[in-house]
Amino acid sequence: MTMTLTPGNATLDQLRDIWARQMPVTLDPRCHAGINVAAAIVAKAARGAEAVYGINTGFGKLASVKIAAKDVATLQRNLILSHCCGVGEPLDAATTRLMMALKLLSLGRGASGVAMSTVAIIEAMLARGVVPVIPSQGSVGASGDLAPLAHMAAAMIGEGEAVFEGQRMPSGEALAKAGITPIVLGAKEGLALINGKQFSTACALVGLWGAWQNAATAVVTCALSTDAIMGSTAPLQDAIHTLRGHAGQIAVARAQRALMEGSMIRESHVLGDTRVQDPYCIRCQPQVTGAAMDLLHFAGRTLEVEANAVTDNPLVLVADGLIVSGGNFHAEPVGFAADQIAVAISEIGAIAQRRVALMVDPTLSFDLPPFLTPDPGLNSGLMIAEVTTAALMSENKHLANPCTTDSTPTSANQEDHVSMAAHAARRLIRMNTNLNVILGVEAMCGVQGIEFRAPLQTSPTLQNVINVLRSKVPTLGADRYMAPSLEAASEMVAAGALTDAVQLPAFVQGRAD
């Protein structure tokens, strides 16, 4: 199945499908006329005597150098080859394809001046599975994701490397095997391909979707933890949260209350409990994770706008017949969104880790055995699993420090303020992986704790979650080699297995405002 995108109107759900299902993509044919008009304006400028940046001039600090008409195509090819300076591990195939789809959306707005053949080769590469090898490091987030996008453009002209049918090979060979003819770049086309934020935006979107999966899972794992320590559901009363008014807080409280509905464990201590209040990691979950969800919604709106944006330079203003230099290539909005997502990931993990620590501590867990083992002393139980979550929590706190505040001048001080959006976005993958483990361990502890409350039973809904976890992670009796259990639990979090076992509101899953 091919996804048809309308430039300017692509949704996060469409983009997520492209990424998750690695779908082929085409642009709505209604945008072709605008693309052709802009290309004609560029072609006219390339034939003219007047210097127009990026069309018949050098680039960056070399913008004052006029290029002869006969050298315009060579100028664009040289631009791509010289900018292929990326280093590091290659970007994964799904995110690379998403990046290419985002570039299509930008070109499809009809303000970049590329020929339809340039649009067509990206569509063909997506349809036939030619995936450029994109080194993941080298972009400072202005002007454009130059190095990563240059590697994409290089594959389009038969240079660099690509993956086809699972094999890494020279791009020219990959295109030939797929029956695709490399393009020859015309005036401005190389610049249109590498000036833009599609690498940063793609990575930020993937980070956003991972963060949403973790945020939704945290609602489930907190419900397990609350029942495990025989916590109170009184702080989840709707009136408390509506008095404050934040949408995320209200949604989290309602979702957790619904998850715990019908718990015999909860009903057993409604009366006569000597504890007055639970620790903040239990009581303030709606306020903390709900606030993180509000932040994720805000970041999602920013990234949806950016996904539909024209971010190369110069831009062709078709209505005025002008080619004008601007600064849409600066990725500050993407960098800010990535920094916000990072803060949300860090805080979801910080409060979840405190719940893990609560459950393994016999002085705080309301009579659960130390480290959740039936025979403490001889066995260490989940002692070091908790230590692992502490290490990952601390790592995420470090990674959550803002990237956008760390600018440095580049290109002989012509590009004297940059966004650092690329690594702001890339680090979200690592942070989400860390959070997968923290929440996986919380689920293990919560389920183990609930099982110690037998014959009292948790809610039917949470029992579904327990059954899912226990299909991969057995009850911990005597000590065993623990690494596979942590790995299995974290993989279930990442895959959405725990949230799939319950029904959560759309807001909590990041699918509605």
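Residues numbered from 1 in each chain as written. Predicted model: local features only at pLDDT ≥ 70, side-chain atom pairs only at ≥ 80, totals over all residues. Heavy atoms only, no water.

## Quick notes on the overall build of the protein chain
Then step 1. If you tally the helices and strands in the protein chain, you get 20 helices and nine strands.
Then step 2. Here the C-alpha atoms of the protein chain give a radius of gyration of 26 Å, agreeing with the 24 Å that 2.2 N^0.38 yields for 513 residues.
Then step 3. Seen along its three principal axes, the alpha-carbon backbone of the protein chain occupies a region of about 90 × 50 × 45 Å.
Then step 4. Relative to its full complement of 513 residues, the protein chain shows a buried share of 55%.
Then step 5. A separation of at least 24 residues holds for 78% of the contacts in the protein chain among residues at least 6 apart in sequence.
Then step 6. Carbon and sulfur atoms make up 56% of the accessible area of the protein chain, which amounts to about 20,300 Å² in all. (Helix = DSSP H or I, 4+ residues; strand = E, 2+ residues; numbered from the N terminus. Rg over C-alpha atoms; globule rule 2.2 N^0.38 Å. Buried < 20%, exposed > 50% of the residue type's maximum accessible area, 1.4 Å probe, protein only. Contact = heavy atoms within 4.5 Å. Areas by Shrake-Rupley, 256 points an atom, 1.4 Å probe, with all protein chains shown as cover.)

## Things to note about the sheet that holds strand S7 (residues 167-170)
Then step 1. With respect to topology, three strands assemble into an open sheet ordered S4-S6-S7, the strand pairing being antiparallel. Lying at the two open borders of the sheet, with one neighbouring strand each, are strand S4 (130-132) and S7. This sheet shows a mean twist of 35 degrees between the axes of neighbouring strands, independent of strand direction.
Then step 2. Sheet topology note: the S4/strand S6 (residues 161-164) ladder contains three bridges and is antiparallel. (Pairing = 2+ DSSP bridges. Axes fitted to C-alpha atoms, helices over the stretch in contact; angles between N-to-C directions.)

## As for helix H9 (residues 198-228)
Then step 1. Here H9 is 31 residues long and its end C-alpha atoms lie 44 Å apart, about the 45 Å a rise of 1.5 Å per residue gives.
Then step 2. Of all the 31 residues making up H9, 30 are buried; the element is thus mostly covered by neighbouring parts of the structure.
Then step 3. Positive backbone phi, at 55 degrees, marks Met230, one or two positions downstream of H9. (Expected span 1.5 Å × (residues − 1).)

## Examining the pairing of S7
Put simply, side chains in a regular strand alternate between the two faces of the sheet.
Then step 1. Pairing between S6 and S7: four bridges, direction antiparallel. Looking at S7, one finds that Glu161 is bridged to Pro170.
Then step 2. Between S6 and S7, which pair antiparallel and follow one another directly, the connecting turn spans two residues, one of which, Glu165, has a positive phi of 50 degrees.

## Considerations on the pattern of salt bridges
Then step 1. All chains considered together, the criterion is met by eleven salt bridges.
Then step 2. One salt bridge connects Glu159 with Arg77, and the closest N-O pair in it is separated by 2.5 Å. Of this pair, Glu159 sits in the loop between helix H6 (146-156) and S6 while Arg77 is found in helix H3 (residues 72-83), placing the two residues 82 residues apart along the sequence.
Then step 3. By relative accessible area, Arg77 is classed as partly exposed at 34%. (Salt bridge = Lys/Arg side-chain N within 4 Å of Asp/Glu carboxyl O.)

## Here we look at the side chain of Asn214
Then step 1. Among the secondary structure elements, Asn214 is positioned in helix H9.
Then step 2. Here Asn214 falls in the buried class, since its relative accessible area comes to 0%.
Then step 3. Beyond its immediate chain neighbours, meaning those up to four positions away, Asn214 contacts Asn432, Leu435, Asn436, Leu439 and Val493.

## Here's the deal with unusual backbone geometry
Then step 1. Following Ala142, the chain continues to Ser143 via a peptide bond in cis, the omega torsion being 0 degrees.
Then step 2. Within the secondary structure, Ser143 sits in the loop between strand S5 (135-137) and H6.
Then step 3. Omega for the peptide link from Asn313 to Pro314 comes to 0 degrees, which places this bond in the cis form.
Then step 4. One can find Pro314 in the loop between helix H14 (285-307) and strand S8 (315-317).
Then step 5. Although it is not a glycine, Phe366 adopts a positive phi angle of roughly 60 degrees.
Then step 6. Mapped onto the elements, Phe366 comes out in the loop between helix H15 (332-360) and helix H16 (383-399).
Then step 7. Not every positive phi belongs to a glycine, and Met420 is a case in point at roughly 60 degrees.

## Examining helix H7 (residues 171-178)
Helical geometry note: an α-helix holds 3.6 residues per turn, so side chains three or four residues apart project in the same direction.
Then step 1. Of the positions making up H7, those classed as buried are Ser171, Ala174, Leu175 and Ala178. Down the axis, H7 shows its buried residues gathered within 95 degrees of arc, on one side only. Of the residues in H7, the exposed ones pointing more than 90 degrees away from the buried face are Ala176 and Lys177.
Then step 2. Each element contacted by the buried residues of H7 is listed here: helix H5 (116-128), S4, H6, S6 and S7. (Arc of directions from axis to C-beta.)

## A closer look at the side chain of Glu415
Then step 1. You can see Glu415 is positioned in the loop between H16 and helix H17 (421-452).
Then step 2. In this structure Glu415 touches Gly60, Ala142, Ser143, Thr408, Pro409 and Thr410, once residues within four positions along its chain are discounted.

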